[in-house]
Amino acid sequence: MAKFCSNCGEKFTVENPKFCPSCGEAQEFSATTSATPVPTALETFYPYHWDFTPVTPEGYAEGAFEFGHSNKLLVEAQAAHWLSEDTLSPKEILKLAGSDFDPGVSDDQIHRAFTHLNQPLDGFTPIPWDDSTLGQRFIKAITDLGVSFGPMHFGFHLRYTDENNREVEEPLGEQYDLIAGTWSTSDGQPFLQIGRVYKSEATGAEKIYWHIEALARTRYPLEEREPHFSNLVMIPSLLQSIFYVCETKFPSSMVTLPRSMSFEVDHEKISELPQPYIQTQRNARATYTDRSNLGQVITFVVSELTRIGYIVTDSYSDEELEQYIPTMVDTLMEIPNVLLDGFANWNIDSQVPFQARVGADIAFHDSVPGNRCGFVVPALIYGKLCLRTEERYNAAYRILQKAEETNNPELLDQSIDEFTAISTLGAGEFFAHATNTLANTVIELK
């Protein structure tokens, strides 16, 4: 009886290998094949359903932090000029990026700070917090303010035995030396506020990027749409509005009050306040805080991750750091609530569908095959969607095993349907595993 890798779907040419010769995954085989359980009928696979009821914080007008409020025309106009008058139209931004996308007739404006033209970390590289003067000052400030945080380190490592029979461990790829604190959405879903320190090799200047992971893509953006209009104008304009709503002290007001009031400083210092920054990274690692597992933080590889936060420079005094940090923390604490409300409650039948608002390829797929078109999801739940996909893959694989053991064509067809759905709608690495299983095993059996 042929066997297949439980990880990549490779068909084995030898009986019951300990490790898959293709991906190296350890394999387990029961003494008899008849013990494979037959899963019950599975519901239609759609991992993106999420229950979320927005809660308005005390002291604010009802609905102030809901997704719909951030998409009102008045709010969008106020948000564009919240930082200053340095704004551009979507057409200007797209033209500067060399994009052929036509945004249509629009009076929208996007502040330069939220666009790809704002690159405050160019020429800067990450350094350990222990090696940073600004980092130590920042840690002292948040400690004095009572902000809970801790160190966080992650990255791939390669372990091997060298020619002298010594165990060696070397970093592989990007290593992350961060500090982070845990906050929660209004429904209790934990997420991290993260700090990373950077240094300019040319000048020695230091900066801190204090941020959250805002959005994650389940697929790479379609290559034929690069540079992608979503990253150039759709996501920036949305995050600009949400940032404004969450930073201003009066999000429901029809009157725009100066940003200096949010930081409780003199109006003359408005140009010196920490500036927002959107950072987009391909092949990144998104964090997921698993509240069902004692708050364990897990990282998942994501095709593209969008972060939003503040740039803190070493020009700030200790007093200014303590003045600015509370507003920074409070703002980033509210943004995930708005994003989660949009994702969970503003579907294709809504006035402002979330996937269309962020420019996700799934909302503009036209004739493109569905498995190439990804969703854009709030980054704080991306890990959960990956876990849901893994669970469904394992269930589908049990169906495949039973189909082969019993030579049951109906179960085989069911497994094909399952792996097809996972390869179309799945998130994370098991989307790829499902695709491999279809190509390497199921089709061969047919």
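Residues numbered from 1 in each chain as written. Predicted model: local features only at pLDDT ≥ 70, side-chain atom pairs only at ≥ 80, totals over all residues. Heavy atoms only, no water.

(A) The packing of aromatic side chains, seen in detail. Enumeration according to the criterion identifies 21 aromatic pairs in this entry. Their ring planes at 70° and their centres at 5.5 Å tell us that Tyr-46 and Tyr-48 sit as a pair that is edge-to-face. Taking relative accessible area as the criterion, Tyr-46 reaches 46% and is therefore assigned partly exposed. Take Tyr-48: its relative accessible area is 4%, and that puts it in the buried class. Seen from their ring centres, Tyr-60 and Phe-65 are 5.0 Å apart, and the 75° between their planes marks the pair as edge-to-face. In this structure Tyr-60 comes out as partly exposed when scored by relative accessible area, which is 33%. Taking the relative accessible area as the measure of exposure, Phe-65 reaches 5% and is therefore buried. Clustering of aromatic rings is evident, with ring pairs tying together Phe-67, Phe-343, Trp-346 and Phe-354. Between Arg-219 and the ring centre of Phe-431, over which it is positioned, the NZ or CZ distance is 3.6 Å. (Phe/Tyr/Trp six-rings, centres within 6.5 Å; stacked < 30°, edge-to-face > 60°. Buried < 20%, exposed > 50% of the residue type's maximum accessible area, 1.4 Å probe, protein only. Lys NZ or Arg CZ within 6 Å of the ring centre and 35° of its normal.)

(B) Looking closely at the environment of Leu-387. In this fold, Leu-387 is placed in helix 9 (residues 379–406). A C-alpha to C-alpha distance of 8.9 Å links Leu-387 and Phe-430, two positions 43 residues apart in sequence. (Helix = DSSP H or I, 4+ residues; strand = E, 2+ residues; numbered from the N terminus.)

(C) Layout of the side chain of Ser-132. For Ser-132, the location among the structural elements is in the loop between strand 3 (124–126) and helix 4 (133–144). Using a relative accessible area of 2% as the deciding quantity, one classes Ser-132 as buried. A distance of 3.4 Å separates a polar side-chain atom of Ser-132 from the backbone nitrogen of Leu-134. Side chain to side chain, Ser-132 and Glu-206 meet in a polar contact 2.8 Å long. Setting aside residues up to four positions removed in sequence, Ser-132 forms contacts with Ile-127, Val-197 and Glu-206. (Polar contact = N/O pair within 3.5 Å; in protein donor to acceptor, adjacent residues only side chain to side chain. Contact = heavy atoms within 4.5 Å.)

(D) Structural detail: the pairing of strand 8 (residues 275–290). Taking burial as the measure, the 16 residues of strand 8 include 12 buried ones, the bulk of the element. Where strand 8 folds back on strand 9 (residues 296–313), the antiparallel hairpin that results is connected by five residues, among which Leu-294 adopts a positive phi of roughly 60°. (Pairing = 2+ DSSP bridges.)

(E) Expanded view of a nonpolar patch on the surface. On the surface, a cluster of nonpolar side chains totalling about 450 Å² of accessible area is made up of Phe-156, Leu-158, Tyr-160, Leu-172 and Val-301. With three residues, the top contributor of residues to the nonpolar patch is strand 4 (residues 150–161). Accessibility expressed as a relative area gives 31% for Tyr-160, which makes it partly exposed. (Patch = residues over 30% accessible without salt bridge, like charges linked within 9 Å, V, L, I, M, F, W, Y side chains within 5 Å. Areas by Shrake-Rupley, 256 points an atom, 1.4 Å probe, with all protein chains shown as cover. Salt bridge = Lys/Arg side-chain N within 4 Å of Asp/Glu carboxyl O.)

(F) Layout of the nonpolar core. Grouped together as the largest cluster of nonpolar side chains are 101 residues, with contacts concentrated most on Phe-138, Ile-308, Ile-335, Leu-339 and Tyr-382. Excluding residues that lie within four positions of it along the chain, Ile-335 makes contacts with Ile-212, Ile-242, Phe-243, Cys-246 and Ile-308. Formed by seven residues, the second largest nonpolar core is a distinct cluster that contains Met-152, Leu-178, Leu-192 and Ile-194. (Core = buried A, V, L, I, M, F, W, Y, C linked by side-chain atoms within 4.5 Å.)

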